[in-house]
Amino acid sequence: MSHLPQNRTAWNRLAENRSQFTKVATDEECRNPLQTLDSRGWLPASVEGKSVLCLASGGGWQSILYAAAGARVTVVDLSNKMLQLDEQESRRRGLQVRIVETSMDDLSGLHDAEFDIVHQPVSTCYVPDIEAVYREVARVLRPGGLYISQHKTPTSLQLTHRDQQNRYVIGLEYYQQGALPKVEDRAYREEGATEYLHRWDQLVGGLCRVGFVIEDLREPLRADPSAPVGHYRYRGRFVAPYVRIKARRVSQETGAGEPSALWVP
């Protein structure tokens, strides 16, 4: 089975079982949606009237919050069951959300320079070519548009198990080819999904090569000194599982074919 149908099946199952990844936006979260979405201050003060693409983001959370904040929202996901949650929640709350069922690396149904913001939760690990995703995001974003994305770090995906001293073992090669094999350590792997390791030159360098400038990069804290051995927050003490990136789409040209001037803080 190729990665697309296998990952659709895996996420449909997660949606039906209402996993931790399929919790819809609550009333409390919707009362202050931008604060819920953006604890780092990366988003503009208002998204009223802005076109937002929630990429690989089905599940009735992110799209609902952006719509509650007044944005014109499109949500893309491979899983029809995840998208059903967006559809149900938007209808229940009287919000407008456009639903598009497709893979994150094929946005051919969306127009060039259609969006002001693309927001993507952890999901690029489910496709073999991350730069194909980046190229599509660059195409559908307007010049100066904001791309917020989160990814699994390569080292986290290299871990396979703990040894007898409860030390985590890097058991997969950094230059891993093809889909990741099943491993004993499943703390940050989704059951039944096909995943791929993307190196730092692909995660960060690939983003720059398709026309983005990185404005910020964070490693969300998943460590807890009091967590028991084997807990995902125990694991987070040793390896950061995620990286979160704020990037800006660079204008291709200004004026008569002159390259754009770039200000970097």
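None of the values given here were measured: they were computed from a predicted structure. (Residues numbered from 1 in each chain as written. Predicted model: local features only at pLDDT ≥ 70, side-chain atom pairs only at ≥ 80, totals over all residues. Heavy atoms only, no water.)

Visitor: An account of the packing of helix 1 (residues 3–16) against helix 5 (residues 80–93) is needed here, citing residue identities and associated values.
Guide: Packing of helix 1 against helix 5 brings their axes to within 7 Å, and their N-to-C directions diverge by 40 degrees. Considering the angle they form, helix 1 stands oblique to helix 5. In this structure, helix 1 contributes Arg8, Trp11, Asn12, Ala15 and Glu16 to the contact, and helix 5 contributes Asn80, Lys81, Met82 and Leu85. Looking at the contact of helix 1 with helix 5 residue by residue, the class counts come to 4 nonpolar, 2 polar and 3 charged. (Axes fitted to C-alpha atoms, helices over the stretch in contact; angles between N-to-C directions. Helix = DSSP H or I, 4+ residues; strand = E, 2+ residues; numbered from the N terminus. Parallel < 35°, antiparallel > 145°, perpendicular 65-115°, else oblique. Contact = heavy atoms within 4.5 Å. Nonpolar A, V, L, I, M, F, W, Y, C, P; charged D, E, K, R; others polar.)

Visitor: Got a sec to walk through the pattern of salt bridges? Specific residues and values, please.
Guide: Under the defined criterion, the tally for this structure stands at 22 salt bridges. The shortest N-O distance in the salt bridge between Arg40 and Asp38 comes to 3.9 Å. With a relative accessible area of 19%, Arg40 lands in the buried category. The partner of Arg167 in a salt bridge is Asp163, with the nearest N and O atoms 2.8 Å apart. Sharing partners across several salt bridges, the network here consists of Asp27, Glu89, Arg92 and Arg93. (Salt bridge = Lys/Arg side-chain N within 4 Å of Asp/Glu carboxyl O. Buried < 20%, exposed > 50% of the residue type's maximum accessible area, 1.4 Å probe, protein only.)

Visitor: So what's going on with the environment of Ala138? Which residues, and what values?
Guide: Structurally, the position occupied by Ala138 is in helix 6 (residues 130–140). Counting along the chain gives 74 residues from Ala138 to Phe212, while the straight-line C-alpha distance between them is 7.6 Å. Look past the residues within four positions of Ala138 in its chain and what remains in contact with it is Val210, Phe212 and Arg249.

Visitor: For the pairing of strand 5 (residues 141–152), give the residues involved together with the corresponding values.
Guide: Taking burial as the measure, the 12 residues of strand 5 include 9 buried ones, the bulk of the element. Where strand 4 (residues 115–120) lies against strand 5, 5 bridges are found, and the strand directions are parallel. Residue pairing across strands places Val118 opposite Tyr147, the latter belonging to strand 5. Once you follow strand 4 into helix 6 and on to strand 5, the crossover reads as right-handed. Where strand 5 meets strand 9 (residues 242–249), 7 bridges bridge the pair, whose relative direction is antiparallel. In the sheet register, Ser149 faces strand 9, and the bridge partner there is Ile245. (Pairing = 2+ DSSP bridges. Right-handed = clockwise from strand over helix to strand, strands pointing away.)

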